[in-house]
Amino acid sequence: VQLQASGGGLVQAGGSLRLSCAASGLTFSMYVMGWFRQAPGKEREFVAAIRGNGGRTYYADSVKGRFTISRDNAKNTVYLQMNSLKPEDTAVYYCAASASGPSSEVGEYHYWGQGTQVTVSS
């Protein structure tokens, strides 16, 4: 199984970025997909998750209303649209796949991508 995250970069506060995560080696539609992030010196934290059929999404309170998770099962890809970015959103963003139900817990995700850096300047 491989998860390849991309789309990170440097953006000014208030700007937008769209992250992508391409999956291979798994039956993509059978997995809950999640995005997590980890800032320097902090623990990895949940950002968003989406059910296999894309029918329901879940967000951390800190990103609700600003970030949108979506997926295209035909392309085996999950996205994270990030708007109104803030300096506190600066982190390495990871995509992850879970064969269990939707969860905000790191331990519930079985496969992880390599991460993509998002830096928001003030």
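To start, this report covers the structure provided alongside it. (Residues numbered from 1 in each chain as written. Predicted model: local features only at pLDDT ≥ 70, side-chain atom pairs only at ≥ 80, totals over all residues. Heavy atoms only, no water.)

**So, the overall build of the chain**
Part 1 of the argument: The helix and strand tally for the chain stands at zero helices and eleven strands.
Part 2 of the argument: For the chain, the α and β elements follow one another from N to C terminus as β-β-β-β-β-β-β-β-β-β-β.
Part 3 of the argument: Taking 2.2 N^0.38 as the reference for a compact globule, 122 residues should give roughly 14 Å; the C-alpha atoms of the chain span a radius of gyration of 13 Å, in line with that estimate.
Part 4 of the argument: Taking the principal axes of the C-alpha coordinates as reference, the chain spans close to 40 × 30 × 25 Å.
Part 5 of the argument: When the 122 residues of the chain are sorted by exposure, 43% land in the buried category.
Part 6 of the argument: With an accessible surface of roughly 6100 Å², the chain has 44% of that area assigned to carbon and sulfur atoms.
Part 7 of the argument: Counting 11 positive and 8 negative side-chain charges, the chain places the averaged centre of each group 7 Å from the other. (Helix = DSSP H or I, 4+ residues; strand = E, 2+ residues; numbered from the N terminus. Rg over C-alpha atoms; globule rule 2.2 N^0.38 Å. Buried < 20%, exposed > 50% of the residue type's maximum accessible area, 1.4 Å probe, protein only. Areas by Shrake-Rupley, 256 points an atom, 1.4 Å probe, with all protein chains shown as cover. Lys, Arg positive; Asp, Glu negative; His and termini not counted. Charge placed at Lys NZ, Arg CZ, Asp CG, Glu CD.)

**Notes on the environment of tyrosine 111**
Part 1 of the argument: Looking at where tyrosine 111 falls in the secondary structure, it is placed in strand S10 (residues 111-112).
Part 2 of the argument: Setting aside chain neighbours within four positions, we find tyrosine 111 in contact with Val1, Leu3, Tyr31, Cys95, Ala96 and Ala97. (Contact = heavy atoms within 4.5 Å.)

**Observations regarding the packing of aromatic side chains**
Part 1 of the argument: One pass over the full model with this rule turns up five aromatic pairs.
Part 2 of the argument: When the centroid spacing of 5.7 Å and the interplanar angle of 75° are considered together, the rings of phenylalanine 36 and phenylalanine 46 count as edge-to-face. With a gap of ten residues between them, phenylalanine 36 in strand S4 (residues 32-38) and phenylalanine 46 in strand S5 (residues 45-50) connect regions that are remote in the sequence.
Part 3 of the argument: Assessed through its relative accessible area of 14%, phenylalanine 46 is described here as buried.
Part 4 of the argument: Of the aromatic side chains, those joined through ring pairs into one cluster are Phe36, Phe46, Tyr109 and Trp112. (Phe/Tyr/Trp six-rings, centres within 6.5 Å; stacked < 30°, edge-to-face > 60°.)

**Considerations on the pairing of strand S11 (residues 116-121)**
Part 1 of the argument: Residues Thr116, Val118 and Val120 line the buried face of S11, whereas the alternating positions Gln117, Thr119 and Ser121 sit on a face that is not buried.
Part 2 of the argument: Sheet topology note: the strand S2 (residues 9-12)/S11 ladder contains four bridges and is parallel. Of the residues in S11, the one forming a bridge with glycine 9 is valine 118.
Part 3 of the argument: Two strands pair when backbone bridges link them, and strand S9 (residues 91-98) and S11 are joined in this way by three bridges, in the antiparallel orientation. (Pairing = 2+ DSSP bridges.)

**Focus: the side chain of aspartate 89**
Part 1 of the argument: Within the secondary structure, aspartate 89 sits in the loop between strand S8 (77-82) and S9.
Part 2 of the argument: You can call aspartate 89 buried: its relative accessible area is 0%.
Part 3 of the argument: At a separation of 2.9 Å, a polar atom in the side chain of aspartate 89 contacts the side chain of arginine 37.
Part 4 of the argument: Beyond its immediate chain neighbours, meaning those up to four positions away, aspartate 89 contacts Arg37, Arg66, Phe67, Ser84, Val118 and Val120. (Polar contact = N/O pair within 3.5 Å; in protein donor to acceptor, adjacent residues only side chain to side chain.)

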